[in-house]
Amino acid sequence: MSGFAPDAARGIRRVFLRGLELQARLGIYAHEKAAPQRVIIGVELAVEDPHAPAGIGPDHLDRVVDYEAVVKAARRVAAEGHVLLVETLAERIAAAALQDHRVLAVRVTVEKPDAFADVASVGVVVERLRA
């Protein structure tokens, strides 16, 4: 399963967060190990939607993947300590998102906007699927 567009026929909705700006201890260089740096995180989830293609589910938070929980998980993972690679940080955030059994796939973007003065941003996008 790849693709993050909502798909009513397959019973999939899309949940996302964009532009989560955090301070993280990340990088391979001495100056990156000395102090946290700004990162921008995005997460997209392909989530089971039992009420697709035509139904409307109950208006209860417990029936959906709570994006506040996704934000809190990304914050927690970013605060766990220094990692060398943006790939590692992205993979850990993806693994945390997959802890919710309704998440079928996750795509995580981690950007380092301050890595180079003449570059808007560098980073990585990883995608992980439920096994």
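All values derive from a computational prediction rather than experimental measurement.

Caption draft 1: Focus on the overall build of the protein chain. Secondary structure summary: the protein chain contains three helices and four strands in total. Along the protein chain, helices and strands appear, N-terminal first, in the series β-α-β-α-α-β-β. Overall, the C-alpha framework of the protein chain stretches about 55 × 25 × 25 Å when taken along its three principal axes. The buried share of the protein chain, taken over its 131 residues, is 39%.

Caption draft 2: Seen up close, helix 2 (residues 67-79). For helix 2, built from 13 residues, the straight-helix expectation of 18 Å at 1.5 Å per residue is met to within 8% by its first-to-last C-alpha distance of 18 Å. All buried positions along helix 2 are accounted for by Val70, Val71, Ala73, Ala74, Val77 and Ala78. All buried residues of helix 2 project into a common sector of 160° when viewed along the axis, lining one side. Check the buried side of helix 2 and you find it contacts strand 1 (12-24), strand 2 (37-48) and helix 3 (86-97). Its side-chain oxygen at 2.9 Å from the backbone nitrogen of Glu68, Asp66 defines the N-terminal cap of helix 2. Looking one or two residues beyond helix 2, the residue adopting positive phi is Gly81, at roughly 140°.

Conventions and cut-offs
Residues numbered from 1 in each chain as written. Predicted model: local features only at pLDDT ≥ 70, side-chain atom pairs only at ≥ 80, totals over all residues. Heavy atoms only, no water. Helix = DSSP H or I, 4+ residues; strand = E, 2+ residues; numbered from the N terminus. Buried < 20%, exposed > 50% of the residue type's maximum accessible area, 1.4 Å probe, protein only. Expected span 1.5 Å × (residues − 1). Arc of directions from axis to C-beta. Contact = heavy atoms within 4.5 Å. Polar contact = N/O pair within 3.5 Å; in protein donor to acceptor, adjacent residues only side chain to side chain.

All quantities given are derived from atomic positions and should not be read as evidence of function.
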